[in-house]
Amino acid sequence: MEFRTKTLLVVCVGSLMGAIDSTVLIIAFPAIARDLSASLAEMVWAIMVYTLMGTALVLSLGRISDMKGRKRMYNAGFVVFIVGSALCGLASDGLSLVLFRGLQGIGGAMLVANGFAILSDVYPPNERGKAFGAISVVWGVGSVLGIGVGGLILSFASWRWIFWVNVPIGIVATALAFLILRESVTPNPKDTFDLPAAALFTAGLAALLLGITEGILNGWRAPITVYPLLASVPLLVAFLLWEGYVSRDPILPFDLFRSWLFSASLISSVLQGVALFATNFLLMVYFQGIRGTPVLTAAFLLIPLSATLAIFGPIGGRLSDRYGARVVSTIGLLLQAGVLLAFSTIEPGTSLWVVAGYEAALGVGAGLFFPANTSAVMSGVPKARYGVASGVMMTLRNSSMALSFAVGLVALTASLPAGTAAAIFGGAFSPQMQASLGLSRAALTAVFIGGMRTVFRVAAVLVLASAVFSALRGREYREGAATTGRIRSVREPSLGGQPESMGGSPASRRPVSDH
């Protein structure tokens, strides 16, 4: 097995752990809440803190990996993830579960910040789509496995094994990473880490995500929502000013955004993420609340999306290697926009087979978009900044996930009394919820369907906007071999004193055709 394939295998194992963990907790939500006597807020935070840590820290961790080494950071991520998983299984109450999930999220951020950078080190630009397509397969299969594994564990054992199952997998993955990965970055003693910038960014983004989460749970006028949102503004503005005018070694080099390929690809990714990440949640509520299906059955009804994503991810990756990201990504986005409009027409009596067909089509579009767009993002930066670029991409993607839930739930509950979002999280359309809201089941169903249609229409508009940026991103210059040896430090000049390419190359180099 050649080195590149072995490297891909290691990154796939790390991605598989993250994918399984992203769905398995949703299945176990009621069992954990009962066993730990955890409040609704604690359980929601047990889910959200993982995303919060991954979002707030991944940019800084990407910068550190560019300085100190991607293999070192990746291996450390496995260790932290294993320890966090083991502690989650030992949690004695809701608060301890939240804290241990936060530790697990830090480990996950260390993996996420480096996975795409490691692959970009070893795969040349015209073959990265194939590698990133394999990651799409892993995420699709992992999401399905999370549902199935979670259901099996809850059927025969304690929910604690949902976390403990990560431990043996993580130990094997750590050993593989240690034996297979090669360090491509030579630390430079002149490199420094901008701690004030990292602190400002982490605090500002954490405050923003805290405000969004509490807004979903407690309403947008609650003090616990308003104060963090207000605090996030000066913190993030101070971060931008510090990076732009003070920092000698910024963790977010603004010159990355001079590449239109890089910037347009990121904008496209954010718009698509805001539009689509809440889709599974809305469908879960629809299946359980409107159609009355059991939670495990509802979870299995989401499999068509993951299955087609797993099938078409490699296809999208190979097509992008051959024809360029612009065409493949844009086609995937247009397909997703059409499917979202189709979702906006479903009724309480729509056949579940029809809904499953829509999900499958949505997965096809995602399979075409994700690997192609990720390849374009990484092609828009110099090699020495793959870690930062990967961190920026995942920071914005995770932030778009939180914004997607916020936008979706605001639109969904706009016509309902305050606190409905929390009630939906906790009990869907139970008689207790209907009594607390003072609405009949028919009235609640009508309002929910109307809100869900609005969400899907707004999402379709956002995906169409994403397709515009995708189409206008320009051509990629993707010739040349990957760097499997030493990569220069982020402070070293490139050969000949010339700046490295930022998403394009001299006109003499042949661009990938977009026709």
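Residues numbered from 1 in each chain as written. Predicted model: local features only at pLDDT ≥ 70, side-chain atom pairs only at ≥ 80, totals over all residues. Heavy atoms only, no water.

**Considerations on the environment of Ala372**
Phase 1 of the analysis: With respect to the helices and strands, Ala372 occurs in helix H15 (residues 352–379).
Phase 2 of the analysis: Sequence-wise, Ala372 and Ala325 are 47 residues apart; in three dimensions their C-alpha atoms are separated by 4.8 Å.
Phase 3 of the analysis: If we ignore the near neighbours within four places in the chain, the residues touching Ala372 are Ser320, Ala325, Val328 and Ser329. (Helix = DSSP H or I, 4+ residues; strand = E, 2+ residues; numbered from the N terminus. Contact = heavy atoms within 4.5 Å.)

**Comments concerning helix H2 (residues 40–68)**
Phase 1 of the analysis: The terminal C-alpha atoms of H2 lie 40 Å apart, and with 29 residues this matches the ideal 42 Å at 1.5 Å per residue to within 8%.
Phase 2 of the analysis: Bending of H2 peaks at approximately 45° at the position of Val58.
Phase 3 of the analysis: Of all 29 residues that make up H2, 22 are buried, and the element is covered over most of its length.
Phase 4 of the analysis: Directly after H2, the chain includes Gly69, whose backbone phi takes a positive value near 125°. (Expected span 1.5 Å × (residues − 1). Bend = angle between axes of the 7 residues up to and from the residue. Buried < 20%, exposed > 50% of the residue type's maximum accessible area, 1.4 Å probe, protein only.)

**Comments concerning the nonpolar core**
Phase 1 of the analysis: Judged by nonpolar contacts, the single largest core of 78 residues is most densely connected at Leu8, Ile32, Tyr74, Phe78, Leu97, Leu119 and Phe262.
Phase 2 of the analysis: If you tally residues by element for this core, the top one is helix H1 (residues 3–36), at 14 residues.
Phase 3 of the analysis: If near-sequence neighbours (up to four positions away) are discounted, Tyr74 is found in contact with Val10, Val11, Gly14, Met110, Leu111, Asn114, Gly115, Ile118 and Leu181.
Phase 4 of the analysis: By size, the runner-up hydrophobic cluster in this structure holds 34 residues, among which are Tyr286, Val339, Val455 and Ala467. (Core = buried A, V, L, I, M, F, W, Y, C linked by side-chain atoms within 4.5 Å.)

**Details of the packing of aromatic side chains**
Phase 1 of the analysis: For the structure shown, the criterion picks out 10 aromatic pairs.
Phase 2 of the analysis: Measuring from ring centre to ring centre gives 5.2 Å for Tyr74 and Phe78, while their planes differ by 85°; the resulting arrangement is edge-to-face. Remark: Phe78 and Tyr74 occur in helix H3 (residues 70–89); sequence separation between them is 4 residues, near one turn of the helix.
Phase 3 of the analysis: A centroid spacing of 6.5 Å and a plane angle of 45° characterise the contact between Trp260 and Phe469, whose relative ring orientation is tilted. Pair noted here: Trp260 is in helix H10 (residues 260–276) and Phe469 is in helix H19 (residues 441–471), with a separation of 209 residues, a long-range link.
Phase 4 of the analysis: Owing to a relative accessible area of 42%, Trp260 belongs among the partly exposed residues under this scheme.
Phase 5 of the analysis: Among the aromatic side chains, those forming a connected cluster through ring pairs are Phe343, Tyr358 and Phe456. (Phe/Tyr/Trp six-rings, centres within 6.5 Å; stacked < 30°, edge-to-face > 60°.)

**Side note on the side chain of Gln336**
Phase 1 of the analysis: Here Gln336 lies in helix H14 (residues 325–343).
Phase 2 of the analysis: In this structure Gln336 touches Gln272, Leu276, Leu362, Gly365, Ala366, Phe369 and Val463, once residues within four positions along its chain are discounted.

**Comments concerning unusual backbone geometry**
Phase 1 of the analysis: The backbone of Ser37 sits at a positive phi, close to 50°, despite the residue not being glycine.
Phase 2 of the analysis: Within the secondary structure layout, Ser37 lies in the loop between H1 and H2.

**Observations concerning the side chain of Gln104**
Phase 1 of the analysis: Looking at the element boundaries, Gln104 is found in helix H4 (residues 94–122).
Phase 2 of the analysis: Separated by 2.8 Å, the side chains of Gln104 and Ser85 make a polar contact.
Phase 3 of the analysis: Contacts of Gln104, omitting those with residues within four sequence positions, involve Asp21, Tyr50, Phe81, Gly84, Ser85, Cys88, Phe163 and Asn166. (Polar contact = N/O pair within 3.5 Å; in protein donor to acceptor, adjacent residues only side chain to side chain.)

**Comments concerning the pattern of salt bridges**
Phase 1 of the analysis: In this structure the tally under the stated criterion is 4 salt bridges.
Phase 2 of the analysis: Between Arg4 and Glu2 there is a salt bridge, with the nearest N and O atoms lying 3.5 Å from each other.
Phase 3 of the analysis: Judged by relative accessible area, Arg4 falls into the partly exposed class, the value being 22%.
Phase 4 of the analysis: The exposure class of Glu2 is partly exposed, given its relative accessible area of 45%.
Phase 5 of the analysis: With its nearest N and O atoms 2.6 Å apart, the salt bridge here joins Glu347 to Arg453. Linking Glu347 in the loop between H14 and H15 with Arg453 in helix H19, this pair joins segments that are 106 residues apart in sequence.
Phase 6 of the analysis: When its relative accessible area of 39% is taken as the criterion, Glu347 is described as partly exposed. (Salt bridge = Lys/Arg side-chain N within 4 Å of Asp/Glu carboxyl O.)

**Regarding empty space enclosed by the protein**
Phase 1 of the analysis: Tallied over the entire structure, the rule returns 3 cavities of 30 Å³ or more.
Phase 2 of the analysis: Along its surface, the second largest cavity is lined by 11 residues, and Val274, Ala275, Val407, Gly408 and Val455 are the ones closest to its centre.
Phase 3 of the analysis: Looking at the lining of the second largest cavity, the elements that each hand over two or more residues are H10, helix H16 (386–413) and H19.
Phase 4 of the analysis: A per-class count over the lining of the second largest cavity returns 9 nonpolar, 2 polar and no charged. (1 Å grid on protein atoms, 1.4 Å probe; cavity = no way out; pocket = protein on both sides within 12 Å on 5 of 7 lines; lining within 4 Å. Points joined across faces, edges and corners; volume = space filled by probe spheres on them. Nonpolar A, V, L, I, M, F, W, Y, C, P; charged D, E, K, R; others polar.)

**Details of the packing of H3 against H4**
Phase 1 of the analysis: The N-to-C vectors of H3 and H4 enclose an angle of 155°; their axes lie 7 Å apart at closest approach. As far as their axial angle goes, H4 and H3 are roughly antiparallel. Judged by the twist between their axes, the crossing of H3 over H4 is left-handed.
Phase 2 of the analysis: Residue composition of the contact of H3 with H4, by class: 17 nonpolar, 8 polar and 3 charged. (Axes fitted to C-alpha atoms, helices over the stretch in contact; angles between N-to-C directions. Parallel < 35°, antiparallel > 145°, perpendicular 65-115°, else oblique. Left-handed = near helix turned anticlockwise from the far one by under 90°.)

**A look at the confidence of the model for the protein**
In low-pLDDT segments, the atomic positions of the prediction should not be examined closely.
Phase 1 of the analysis: When pLDDT is averaged along the protein, the result is 78; 81% of the residues meet or exceed 70.
Phase 2 of the analysis: Here helix H17 (residues 420–427) stands out as the least confident element of the protein, with mean pLDDT 52; H14 is the most confident, with 93. (pLDDT = per-residue confidence, 0-100.)

**Description of the environment of Glu214**
Phase 1 of the analysis: Mapped onto the fold, Glu214 is located in helix H8 (residues 195–218).
Phase 2 of the analysis: Relative accessible area serves as the criterion here: at 7%, Glu214 is assigned to the buried category.
Phase 3 of the analysis: Between the C-alpha atom of Glu214 and that of Val226, which follows or precedes it by 12 residues, the distance is 9.0 Å.
Phase 4 of the analysis: Apart from the residues lying within four places of it in its own chain, the contact partners of Glu214 are Trp45, Gly219, Ile224 and Thr225.

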